[in-house]
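These are the residues of each chain, in order.
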Amino acid sequence: MRVRIWPLVGTCFAVLLLLVPLFAWLVSREAAKIDVRTREAHRVYQTADDAITEIRANIYKAALLVRDTRQGLNEQSADSRLRAIRIATEHDFATLSSLLDATQHAQLLALHKGLTEYWASLSGVLETARQSPQVQSLSHGENDRSHDVLQLAEQIDALNEANLSVEEREIQNEQRTLRRFATGATGLLLVLGVVIAVVSTVYLGRLERVSEQEKTRAETAEYELRRLSNQLIRVQEDERRTISRELHDEVGQILTGLRM
């Protein structure tokens, strides 16, 4: 039974044409996911960093506000301004809490506790300033409390940077995995294309040889047919001449006999 190779070759070509856009789509989709994750990681880091920066700035603002108030430079609406600073800080803290994961939960709780104690101490300082204007500077304990809160903010900032580093390493691992996949897919497509090309070339070469053989056989058969046709014509002509000669000789003998 003769095996037909061209359906298999056609199927392989169709599979190759389907795999090329499929692999391209998979690589493009994974690259888009990595790009989205990269942008999201940097957005989270930047937003958290901005929130921490705002918290530190509000701590300094509150300290300056209390200092100016105790020096009699800003006695009007000090409580309302401190309340506004505290509300802004609470908003920044809520933003920070929504961005950081559970690993920073203890640090966030410590920062929130420190901020609460700091606001309470500043409110007490303002109340003391109204009752005892002669006190002109913050106490040592109050300075230590603000320093502790700033240290907590610095720790969370360091954790935020560490989280970004972890995300970047994971993204780099995903990129390496994607590159390996793309390289493997490209190699697979290349090998498949080479195999199909080799099989097609061998098959076409075989078909060409068979075609040449069939052409030679047909030319030989045609030559033999012409030779046999010419030989048949010669035999027929020889037979006609023989019959004609025999008829001529026989008729001549008959006529001679009749004349005799």
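Residues numbered from 1 in each chain as written. Predicted model: local features only at pLDDT ≥ 70, side-chain atom pairs only at ≥ 80, totals over all residues. Heavy atoms only, no water.

*Asks:* Help me understand the overall build of the chain in this model?
*Replies:* What the chain contains, in helices and strands, is four helices and zero strands. When the helices and strands of the chain are placed in sequence order, the string is α-α-α-α. Expressed as a percentage of its 260 residues, the buried residues of the chain come to 22%. Sequence separation of at least 24 residues holds for 85% of the intrachain contacts in the chain that already meet a minimum separation of 6. (Helix = DSSP H or I, 4+ residues; strand = E, 2+ residues; numbered from the N terminus. Buried < 20%, exposed > 50% of the residue type's maximum accessible area, 1.4 Å probe, protein only. Contact = heavy atoms within 4.5 Å.)

*Asks:* Can you help me understand the pattern of salt bridges in this one?
*Replies:* Close approach of charged atoms allows side chains of opposite charge to pair. What the rule picks out here adds up to eleven salt bridges. Put simply, E30 and K33 hold a salt bridge, and the shortest N to O gap is 3.9 Å. Within this pair, E30 and its partner K33 are both found in helix α1 (residues 6–70), separated by three residues, close to a single helical turn. Residue classification places E30 among the partly exposed residues on the basis of a relative accessible area of 28%. A relative accessible area of 47% places K33 in the partly exposed class. Here E40 ties to R43 by a salt bridge, and the two come within 2.6 Å at their closest N and O atoms. Placement of the pair is E40 and R43 together in helix α1, with a separation of three residues, close to one helical turn. (Salt bridge = Lys/Arg side-chain N within 4 Å of Asp/Glu carboxyl O.)

*Asks:* What is the right way to look at the nonpolar core in this model?
*Replies:* Nonpolar side chains in soluble globular proteins generally cluster together in the buried interior. If you look at the biggest cluster of nonpolar residues, it comprises 27 residues, and the most contacted ones within it are L96, L111, L115 and W119. For this core, the secondary-structure elements that each account for two or more residues are α1, α2 (78–99), α3 (105–131) and α4 (140–259). L111 has contacts with I55, F93, L96, V149, L152, A153 and I156, leaving out every residue within four places of it along the chain. Residues A41, Y45, L164 and I171 belong to the second largest nonpolar core, which totals six residues. (Core = buried A, V, L, I, M, F, W, Y, C linked by side-chain atoms within 4.5 Å.)

*Asks:* Explain the packing of aromatic side chains here, please?
*Replies:* Where two aromatic rings form a pair, the distance of their centres and the angle of their planes describe that pair. For the structure shown, the criterion picks out one aromatic pair. Summarising the aromatic geometry, the rings of F23 and F181 are spaced 6.1 Å apart at their centres and angled 90° between planes, so their arrangement reads as edge-to-face. Residue F23 is located in helix α1, and its partner F181 is located in helix α4; the two are separated by 158 residues in the primary sequence. Given the relative accessible area of 14%, F23 is considered buried. Look at F181 and you get partly exposed, because its relative accessible area is 35%. (Phe/Tyr/Trp six-rings, centres within 6.5 Å; stacked < 30°, edge-to-face > 60°.)

*Asks:* Sorry, what's going on with the confidence of the model for the chain here?
*Replies:* Predicted confidence across the chain gives a mean pLDDT of 79, with 85% of residues reaching 70 or more. Here α3 is the element of the chain with the lowest mean pLDDT, 77, and α2 is the one with the highest, 84. Per-residue pLDDT stays below 50 along residues 134–138; that stretch engages in eight contacts with residues further than four places along the chain or on separate chains. (pLDDT = per-residue confidence, 0-100.)

*Asks:* I tried to follow the side chain of T89 on my own but got confused; where do I start?
*Replies:* With respect to the helices and strands, the residue T89 is situated in helix α2. Its relative accessible area of 1% is what places T89 among the buried residues. The residues contacting T89, other than those within four sequence positions of it, are I55, N58, L115 and W119.

*Asks:* Got a minute to help me understand the environment of T116 in this structure?
*Replies:* When you line up the elements, T116 lands in helix α3. For the pair T116 and V149, spaced 33 residues apart in the sequence, the C-alpha separation amounts to 9.8 Å.

*Asks:* I keep staring at α2 and nothing clicks. Help me out?
*Replies:* Spacing of three or four residues puts side chains on the same side of an α-helix, whose turn is 3.6 residues. Under the 1.5 Å per step criterion, the end-to-end length of α2 is 32 Å for 22 residues, consistent within 8% with the ideal 32 Å. Listed in full, the buried residues belonging to α2 are A78, L82, I85, T89, D92, F93 and L96. Projection of α2 onto a plane perpendicular to its axis shows the buried side chains occupying an angular sector of 105°, all on one side. The exposed residues of α2 that point more than 90 degrees off its buried face are I87, H91 and S98. (Expected span 1.5 Å × (residues − 1). Arc of directions from axis to C-beta.)

*Asks:* Looking at this structure, how should I read the environment of A158?
*Replies:* Looking at the secondary structure, you find A158 in helix α4. Accessibility expressed as a relative area gives 43% for A158, which makes it partly exposed.

*Asks:* Before we go on, may I ask you to explain the side chain of D92 in this structure?
*Replies:* Structurally, D92 can be placed in helix α2. Lacking a salt bridge, the buried D92 has K61 as its closest oppositely charged neighbour, with an N-O distance of 8.2 Å. Non-local contacts of D92, meaning those with residues more than four positions away in its chain, are made with A51, E54, I55 and N58. (Lys, Arg positive; Asp, Glu negative; His and termini not counted.)

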